[in-house]
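# Structure at a glance
Each chain, letter by letter, is given below.
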Amino acid sequence: MKNKPNSQFRTQRYFHAVIFLLFLFLLSFYLLSYNAATFAAVPVTPVVALALQRQKNVTHWPVTPKNRNLAVSGTTKKAFEVRIMKFFEGNASDSSCGLRFFMTWNSAHKSLGEREMFAINSLFNFHPDGCLIIASTSLDSRIGDKILKPFLSKGLKVAAIAPDFDFLFRKTPALAWYKRLIQGNVNSGDVPLGQNLSNLIRLGLLYRFGGVYLDTDVIILKSFKGLKNVIGAQTSDRVTGNWTRLNNAVMIFDPGHPLLFEFIREFARTFDGNKWGYNGPYLVSRVARRNLNNYNFTVLPPAVFYPVDWRKIHSLFEGPKSLRHSKWVIDKIKELRSKSFALHLWNKQSRVFEIENGSIIHELMMNTDLSQNFSVDIGS
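Remember, predicted model here, so these are calculated numbers, not experimental data.

## Things to note about the sheet that holds strand S7 (residues 243-253)
In space, the seven strands of this open sheet follow the order S3-S2-S1-S4-S7-S6-S8, with mixed pairing throughout. Two strands bound the open sheet, and with one partner strand each, they are strand S3 (157-161) and strand S8 (298-300). For this sheet, the mean inter-axis angle between neighbouring strands, taken without regard to orientation, is 35°. Sitting on the sheet, helix H10 (residues 281-290) is in contact with strand S6 (230-236) and S7, with an inclination near 100° to S7.

## Things to note about the pairing of strand S2 (residues 131-135)
Buried residues dominate S2, accounting for five of its five residues. Burial of the side chains of S2 extends over both faces: Cys131, Ile133 and Ala135 are buried on one face and Leu132 and Ile134 on the other. Bridge count between strand S1 (residues 100-104) and S2: five bridges; the pairing is parallel. Across the sheet, the residue bridging to methionine 103 is isoleucine 134, located in S2. Once you follow S1 into helix H4 (residues 114-126) and on to S2, the crossover reads as right-handed. Across five bridges, the pairing between S2 and S3 is parallel. Bridge pairing links isoleucine 134 to alanine 160 in S3. Regarding topology, helix H5 (residues 142-152) serves as the crossover connection from S2 to the parallel S3, and that connection is right-handed.

## Some thoughts on the pattern of salt bridges
Applying the stated criterion across every chain yields a total of 14 salt bridges. Close ionic contact of lysine 327 with aspartate 331 constitutes a salt bridge, the shortest N to O distance being 2.9 Å. Pair noted here: lysine 327 and aspartate 331 are both in helix H12 (residues 323-339), with a separation of four residues, about one helical turn. Assessed through its relative accessible area of 51%, lysine 327 is described here as exposed. Residue class for aspartate 331 comes out partly exposed when judged on its relative accessible area of 33%. Within this structure, Glu266, Arg269, Arg286 and Arg290 form a network of salt bridges that share partners.

## What about the packing of aromatic side chains?
Across all of its chains, the model carries 20 aromatic pairs by this definition. Ring centres 5.8 Å apart and planes at 45° place the aromatic pair phenylalanine 165 and phenylalanine 169 in the tilted group. Aromatic ring contacts, followed pair by pair, group Phe80, Phe87, Phe88, Phe102, Phe167 and Phe209 into a single cluster. Residue placement shows arginine 100 over the ring face of phenylalanine 88; its charged tip is 4.1 Å from the ring centre. If you follow lysine 275 out to its NZ or CZ, it ends over the ring of tyrosine 278, 5.1 Å from the centre.

## A word on the confidence of the model for the chain
Per-chain confidence: the chain averages 82 in pLDDT, with 76% of residues scoring 70 or above. At the level of individual helices and strands, the chain shows its lowest average pLDDT in helix H2 (residues 46-56), which scores 38, and its highest in strand S4 (residues 211-214), which scores 98.

## Some remarks on the state of the cysteines
Going through the model one piece at a time under the given rule, you end up with one disulfide. What pairs with cysteine 97 in a disulfide is cysteine 131, and their sulfur atoms sit 2.2 Å apart. In this pair, cysteine 97 is assigned in the loop between helix H3 (77-92) and S1 and cysteine 131 in strand S2, connecting sequence segments 34 residues apart. Residue classification places cysteine 131 among the buried residues on the basis of a relative accessible area of 0%.

## Overview of the nonpolar core
Membership of the largest hydrophobic core comes to 51 residues, with the highest contact counts inside it found for Leu132, Ile134, Leu214, Phe224, Phe305, Leu343 and Ile361. The biggest single contributor to this core is H4, with six residues. Apart from residues no more than four positions distant in its own chain, isoleucine 361 is found in contact with Phe118, Leu316, Phe317, Leu343, Leu345 and Ile355.

Cut-off values and rules
- Residues numbered from 1 in each chain as written.
- Predicted model: local features only at pLDDT ≥ 70, side-chain atom pairs only at ≥ 80, totals over all residues.
- Heavy atoms only, no water.
- Pairing = 2+ DSSP bridges.
- Helix = DSSP H or I, 4+ residues; strand = E, 2+ residues; numbered from the N terminus.
- Axes fitted to C-alpha atoms, helices over the stretch in contact; angles between N-to-C directions.
- Contact = heavy atoms within 4.5 Å.
- Buried < 20%, exposed > 50% of the residue type's maximum accessible area, 1.4 Å probe, protein only.
- Right-handed = clockwise from strand over helix to strand, strands pointing away.
- Salt bridge = Lys/Arg side-chain N within 4 Å of Asp/Glu carboxyl O.
- Phe/Tyr/Trp six-rings, centres within 6.5 Å; stacked < 30°, edge-to-face > 60°.
- Lys NZ or Arg CZ within 6 Å of the ring centre and 35° of its normal.
- pLDDT = per-residue confidence, 0-100.
- Disulfide = S-S within 2.5 Å.
- Core = buried A, V, L, I, M, F, W, Y, C linked by side-chain atoms within 4.5 Å.

Below, the structure is given as structure tokens:
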């Protein structure tokens, strides 16, 4: 009789243990089902894919057909080519397409702000007969048409067209790289994939069609007519004057130029998604240095496209604080207009700066009809 309580106690312990184990089993099953449903419901955009890579400690993540975003074009090869050629040929029928310009926009349409509109407006101020194509999936939409309406209503030639990677990279090493990317066999790294795709798309656009590529934070200060097969230096040696680094924010090349092919081949061969600028400015710098005597191209000094270093870009947004400062602003504007074809605003650094009244940027904007066209607040 004395063993009965111990026996009952052991039975109760076994019963509780079984209940607890059953609870853990059901809980695990529920969590696995929930996570599977959650992952299935979340679009695997490159950003989400990167987060899942880190969470699950895997190297790659496939871009599926149902989750096309940055890496997968929303247009067909034929539609892209037809739309591009129709845009250029339609505008060329009356000999009005003076220069072909290209930009890329991989962000949401609502992110296109006053500075980007200012950049586009400056392009048409000096090239009213130019044709601009913005390679963008988000802007290739009804909302995008509304955003670009201020230009279209004035008869200016601008169109947003979602890029087709197969067409742009056809018969180049980049096509195989792109196929590996969408199959999940390329590590996109920590640098935003959109930035690196923009680096590649601009090369493809110029290689296929020729013309002028511009970043959306580049302000045009004079006509580009006469510039041919050129790329700009970002920095140069103070003693020798020789360039030390190039930049790919402004490029002007003929279609099929061999240096562009070398840029594309270098991108596919050495892509590294973890190094900022490695697939952009540093890429064009190392390839151009290797081919200085191989191909017909010109490297323009920093004053042409990059007259203000990114570390000093804040000075362009500050209004005059004294008579001496005011004189410096006036002199700097004169210098920019006489020596520079364009001004890179280095948006990564300057986006946090407000445009102060009387600043260089304020004066440049006031000398266009931007404020009237786009209701942009450029200071009081």
